[in-house]
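Inside the fold
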Amino acid sequence: MKKKFKSLNCVCILSVFLLISVFLLNNVHVISANSNSITYGDINGDGNIDSTDVTLLKRFILNIINSLAHPKSADLNCDSIIDSIDYSILQRYVLQIISEFPIQNPPDNTSPSSYLTNSEKILFDLINEVRLNAGIEPFECDKDLVDVARIKSQEMVDDFFFSSISPTYGTTRELLNHFNIPFKYATETVSISLNATSSFNQLIQIDLYNEIITDPKYNYIGIGAIRCPIRGLVIVQIFVGR
């Protein structure tokens with residue numbers, strides 16, 4: 001179903017960027033097989049989790065191959081779907097950006113913000129502190145928005161670009177459409193800094209950023225923070241109003 005988009009703002013805080021040539025994928029596959037013993041990430045079942053598994057998952061999502069011998073091993077975020085989110089997670093694991101898969105340490109579903117990493121949670125709390133001080137209801141953390149923000153952050157690390165417009169998914173509106181994220185209003189910020197606190201301290205000096213985080217028409221947020229081994233923390237913040 002098509003959504004009406006009443007407002008779309010983008011702010012890009014230009015800093016630095018890194019080239020690691022990889023790719024993001026688009027199609028979605030529903031899991032249908034069962035397994036008694038699952039080694040998450042070991043797509044080909046050879047006992048190792050490496051670039052071979054990344055390539056195999058890529059081929060499956062692109063419909064180059066039609067099935068996986070161990071499909072449940074590819075559902076790395078436990079949503080019963082194999083898609084580009086799982087691919088991004090596996091890629092980050094093989095690159096040693098993360099040390100475990102989300103499914104191995106599932107969040108407390110009673111608290112959506114518990115899905116955030118430490119860096120993401122720091123930003124979430126700092127932003128909501130500003131909201132509360134301004135007398136505005138705090139943002140709610142949206143897990144699906146977090147997943148999309150992480151995909152965008154990883155793409156900026158991988159594909160040597162720094163922009164609110166993705167070469168893979170297009171504008172923020174097109175990005176959210178692609179992943180079926182509902183919204184009436186949407187805006188996005190991107191930044192690179194040493195850590196979450198320094199990123200916030202830089203962004204808060206910008207009038208447009210202050211306008212965004214204190215705008216009551218935005219009520220949901222997704223934050224994706226991916227550590228670049230050389231440049232620092234690549235952060236995407238997506239704000240939507242519903």
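Cut-offs applied
Residues numbered from 1 in each chain as written. Predicted model: local features only at pLDDT ≥ 70, side-chain atom pairs only at ≥ 80, totals over all residues. Heavy atoms only, no water. Helix = DSSP H or I, 4+ residues; strand = E, 2+ residues; numbered from the N terminus. Buried < 20%, exposed > 50% of the residue type's maximum accessible area, 1.4 Å probe, protein only. Contact = heavy atoms within 4.5 Å. Areas by Shrake-Rupley, 256 points an atom, 1.4 Å probe, with all protein chains shown as cover. Expected span 1.5 Å × (residues − 1). Polar contact = N/O pair within 3.5 Å; in protein donor to acceptor, adjacent residues only side chain to side chain. pLDDT = per-residue confidence, 0-100. Pairing = 2+ DSSP bridges. Arc of directions from axis to C-beta. Core = buried A, V, L, I, M, F, W, Y, C linked by side-chain atoms within 4.5 Å.

**Let's talk about the overall build of the protein**
For the protein, the helix and strand inventory stands at 7 helices and 7 strands. Tracing the protein from N to C terminus, the helices and strands come up as β-β-α-β-α-α-β-α-α-β-α-α-β-β. Relative to its 242 residues, the protein shows a buried fraction of 46%. Look at the contacts in the protein between residues 6 or more apart in sequence, and 73% of them connect residues 24 or more apart. Accessible surface, the protein as shown: approximately 11,600 Å² in total, 49% of it carbon and sulfur.

**Description of helix α4 (residues 143–158)**
Taking 1.5 Å as the rise per residue, α4 with 16 residues should run 22 Å; its terminal C-alpha atoms sit 23 Å apart, in good agreement. Counting buried positions along α4 gives 14 out of 16 residues, so the element sits mostly inside the fold. Its side-chain oxygen 2.9 Å from the backbone nitrogen of Asp144, Asp142 forms the N-cap of α4.

**Section: the confidence of the model for the protein**
The share of residues in the protein with pLDDT of 70 or more is 80%, and the mean pLDDT across the chain is 79. Ranking the helices and strands of the protein by mean pLDDT puts helix α7 (residues 207–213) first, with 96, and strand β2 (residues 29–30) last, with 38. This model gives residues 1–36 a pLDDT under 50, and the stretch forms 115 contacts once residues within four places in sequence are excluded.

**Structural notes on the pairing of strand β6 (residues 220–228)**
For β6, the tally of buried residues reaches 7 of 9 residues, placing the bulk of the element in the interior. Two elements, strand β4 (residues 140–141) and β6, share 2 bridges in a ladder whose sense is parallel. Bridge pairing in β6 places Cys141 opposite Ile221. Alignment of β6 against strand β7 (residues 232–241), held across 9 bridges, turns out to be antiparallel. Bridge pairing in β7 links Ala225 to Ile235. With antiparallel pairing between neighbouring strands as the criterion, β6 and β7 make up a hairpin whose turn holds 3 residues.

**A word on helix α3 (residues 118–133)**
Three- or four-residue spacings in an α-helix give side chains the same orientation, since the helix completes a turn every 3.6 residues. For α3, spanning 16 residues, the distance from its first C-alpha to its last is 23 Å, which sits close to the expected 22 Å at 1.5 Å a residue. Buried within α3 are the following residues: Glu120, Leu123, Phe124, Ile127, Asn128 and Arg131. Down the axis of α3, the buried side of the element spans an arc of 125°, and every buried residue falls inside it. Every exposed residue of α3 that faces more than 90 degrees away from the buried side is listed here: Asn118, Leu132 and Asn133. Of the surrounding elements, those touching the buried residues of α3 are β4, α4, α6 (196–203), α7, β6 and β7. In the segment just after α3, Gly135 is the residue with positive phi, at about 75°.

**Describing the environment of Arg92**
You can see Arg92 is positioned in helix α2 (residues 84–94). Residues Arg92 and Ile226 lie 134 residues apart in sequence; the distance between their C-alpha atoms is 8.9 Å.

**Here's the deal with the nonpolar core**
Judged by nonpolar contacts, the single largest core of 39 residues is most densely connected at Leu57, Leu68, Leu176 and Ile238. Elements represented by at least two residues in this core include exactly α1 (51–61), α2, α4, α5 (172–178), β5 (185–193), β6 and β7. With 6 residues, the top contributor of residues to this core is α4. Setting aside its immediate chain neighbours within four residues, Leu176 contacts Leu145, Val148, Ile181, Phe183, Ala186, Ile238 and Val240.

**Some details on the environment of Glu100**
In this fold, Glu100 is placed in the loop between α2 and α3. Through-space distance from the C-alpha of Glu100 to that of Leu90 is 9.5 Å; in sequence the pair is 10 residues apart.

**Points about unusual backbone geometry**
For Asn180, which is not a glycine, the phi torsion comes out positive at approximately 55°. Within the secondary structure layout, Asn180 lies in the loop between α5 and β5.

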